[in-house]
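The chain contents come next:
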There are 2 protein chains.
Amino acid sequence: MPAEELAIGVDIGGTKIAAGLVTPEGKVLGRLRRSTPGHDARAVEATVVELVTLLGARAPRAAVGVGAAGWMDSTGSTVLFSPHLAWRNEPLRARLEDALGRSVMLSNDADAAGWAEHRFGAARGENEMLCLTLGTGIGGAIVLGGKLQRGRFGVAGEFGHQTLVPGGHRCACGNRGCWEQYASGNALGREGRALAGSNSPVAHALRAETNGDASAVTGEMVTRLAEAGDPACSDLVAEAGEWLGLGLANLAAVLDPGIMVIGGGLGSASPTLIEVGEAAYKKALSGRGYRPFAKIARAELGPDAGLVGAADLARLPRG
Amino acid sequence: MPAEELAIGVDIGGTKIAAGLVTPEGKVLGRLRRSTPGHDARAVEATVVELVTLLGARAPRAAVGVGAAGWMDSTGSTVLFSPHLAWRNEPLRARLEDALGRSVMLSNDADAAGWAEHRFGAARGENEMLCLTLGTGIGGAIVLGGKLQRGRFGVAGEFGHQTLVPGGHRCACGNRGCWEQYASGNALGREGRALAGSNSPVAHALRAETNGDASAVTGEMVTRLAEAGDPACSDLVAEAGEWLGLGLANLAAVLDPGIMVIGGGLGSASPTLIEVGEAAYKKALSGRGYRPFAKIARAELGPDAGLVGAADLARLPRG
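Residues numbered from 1 in each chain as written. Chains lettered and ligands numbered in written order. Predicted model: local features only at pLDDT ≥ 70, side-chain atom pairs only at ≥ 80, totals over all residues. Heavy atoms only, no water.

Enquirer: I'd love a proper account of the interface of chain B and chain A, names of residues and values included.
Expert: Contact residues are listed per partner, giving 50 residues for chain B and 50 residues for chain A. Carbon and sulfur atoms supply 59% of the area that chain B and chain A bury against each other, a total of about 3600 Å² over both sides. Summed over the shared surface of chain B and chain A, the result is two salt bridges. When its residues are assigned to classes, the side of chain B that touches chain A shows 25 nonpolar, 14 polar and 11 charged. (Contact = heavy atoms within 4.5 Å. Buried area = accessible area lost by both parts, 1.4 Å probe. Salt bridge = Lys/Arg side-chain N within 4 Å of Asp/Glu carboxyl O. Nonpolar A, V, L, I, M, F, W, Y, C, P; charged D, E, K, R; others polar.)

In structure tokens:
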């Protein structure tokens, strides 16, 4: 393969930075990983430069795509805001391009993952697709007409921050009743802690798991116990699934996609959540009976999605 | 002007059918209007053919764009469903092309109006825009990357049928709590009737207007009395405006447009509703402070928007 067709993808997460050399077919040829050096933006940049330099020895002209949680401007040049890192209106692309001597493109991590599912994963061949990254919150990507839609200011796809319950649970975004307060890992954790703390007899598995410390219940724990058959945790997952379906129906009312792909840590850990969510979506879609349903599918690329998508986006001509 | 640059736009409404000859600059050169012949789909088609034939004498090769309430498939060929007319899975484009000997394109009426605002109206020069048609319900159009986004099955933009209040007011779509049950002309009418029927002393203007018959209160009446300064009706409009703003914030969270244009009968009749809606949107947008606000603007093209947009869409190469 000509080295210039390769691209380097970097996925900056809250705990680790993963990088890989990605082929035009979405295969990852080389892979490196480092711990994220805390909240220190300069140290994070140095780690990205180190990983790209190591991987890039085999592909001296490969473009670099960097995905991270947060908001990038619509041209992929500037980090407007990042929840885990100290970037604010940071011209990260120019800084990395100077340091690397390569073309760099920044993307939101959920956008990158969704683009990867569109190009190489569960939504191959479908030009009208949405991808949900279901984890502690709900991130999103929108592909319409075969193009990633970043929005006017680069921050499209914040699916999790649709208000679904006016006056409902407080969200970290400052609002109340955001969808991700009802259908995410954080939602499962909150409900699990409430149940475990209530001395309800149905919460015995959660209490056993945490030695009676209700505050130690996590969304992952609820998900795992539910998949193992615990009735109380299954109820919590089913409730989250109903909310998941309602939000999917809202997205379909607005965007009418052909497929909605669900990935992320929670998405891959809980097939039940997605099953319940799909059934609820089909009961909630406005106009059901007069229109086709979008397909609901599990993501296929797993934890590689972010770096694969970031790399592939870096190969596109700049818009 | 070369005749082949003209296009003919037809806007099929529940009570009237309007048609016009539209220039590439969006000017309407000729204009005709008929009453909609009831729910008889064949009679509606005959009226469309009559209007196009009359207008088309000056432009024998002009393409024809037809906008109507309802769902068209994504290629603009087939009417999937129309709420006011008897079309169900009707290959209307082929029927009209056979009858007219011209190229025909079908569009949802809110899509057509939004496209017109993008091309010639309040959203000129903004490639990332949404348009709300605020009337008895809430229709919508989505333009991203300068392209009208019809969705995978042609039914994108059903903004009014986002669930905003789970378990809330019943909607004609079969669901509960749709946005348009809170921020539309129907919502104002329902609340006005409830207020007028409650013998509340604040409802005296509504009772005077209807000679005491609360069931005769309409959304238009509430809007008119509010704009004239009646305090109770102003409160109802302000309440609807709060809901309007919340829904706008949800759309912005998902789509991140540069501008949201608000048209339709209610949109043009109630500047107050839009003012309150804009303020509420700015208080509700997720991430406010870290991202720019989309501009909120009133539509500029008025009742011509539907036929102008339908005509202009008919000029585009078929996708």
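Enquirer: I'd like to hear about the side chain of Asn-108 of chain B, residue by residue, with values.
Expert: Residues and elements named next belong to chain B. Residue placement: Asn-108 occurs in strand S8 (residues 104-108). Overall, Asn-108 belongs to the buried group, its relative accessible area being 11%. A distance of 2.7 Å separates a polar atom in the side chain of Asn-108 from the backbone oxygen of Gly-70. Setting aside anything within four residues of it in sequence, one finds Asn-108 in contact with Ala-68, Gly-70 and Met-72. (Helix = DSSP H or I, 4+ residues; strand = E, 2+ residues; numbered from the N terminus. Buried < 20%, exposed > 50% of the residue type's maximum accessible area, 1.4 Å probe, protein only. Polar contact = N/O pair within 3.5 Å; in protein donor to acceptor, adjacent residues only side chain to side chain.)

Enquirer: Outline the environment of Ser-107 of chain A, supporting the account with residue identities and numerical values.
Expert: Residue placement: Ser-107 of chain A occurs in strand S8 (residues 104-108). As a C-alpha pair, Ser-107 of chain A and Gly-70 of chain A span 37 residues in sequence and 8.7 Å in three-dimensional space.

Enquirer: Before we move on, can you summarise the sheet that holds strand S11 (residues 147-148) of chain B with the specific residues and values?
Expert: Residues and elements named next belong to chain B. Strand order in the open sheet formed by five strands is S11-S10-S9-S12-S13, and the pairing between neighbours is mixed. Of all the strands in the sheet, the pair left with one neighbour each is S11 and strand S13 (295-298). In terms of strand pairing, strand S9 (residues 129-134) meets strand S12 (residues 259-263) through five bridges, oriented parallel. Following the sheet pairing, Cys-131 is matched in S12 by Val-261. Taken strand by strand, helix H9 (residues 271-284) contacts S9, S12 and S13, and its axis lies near 175° from that of S13. (Pairing = 2+ DSSP bridges. Axes fitted to C-alpha atoms, helices over the stretch in contact; angles between N-to-C directions.)

Enquirer: So what about the pattern of salt bridges? Which residues, and what values?
Expert: It is possible for side chains bearing opposite charge to pair when their charged atoms get close. On inspection of all chains with the given rule, the structure shows 28 salt bridges over all chains. For the salt bridge of Arg-119 of chain A with Asp-312 of chain A, the shortest nitrogen-to-oxygen distance reads 2.7 Å. A residue pair is termed long-range when its members are at least 10 positions apart, and Arg-119 of chain A in helix H3 (residues 109-120) and Asp-312 of chain A in helix H10 (residues 305-315) qualify at 193 residues. Residue Asp-256 of chain B pairs with Arg-291 of chain B through a salt bridge whose shortest N-O separation is 3.6 Å. A residue pair is termed long-range when its members are at least 10 positions apart, and Asp-256 of chain B in the loop between helix H7 (231-255) and S12 and Arg-291 of chain B in the loop between H9 and S13 qualify at 35 residues. In terms of burial, Asp-256 of chain B and Arg-291 of chain B fall into one category: buried. Salt bridges here are not isolated pairs; linked through shared partners, they connect Arg-42, Glu-45, Glu-90 and Arg-95 of chain A.

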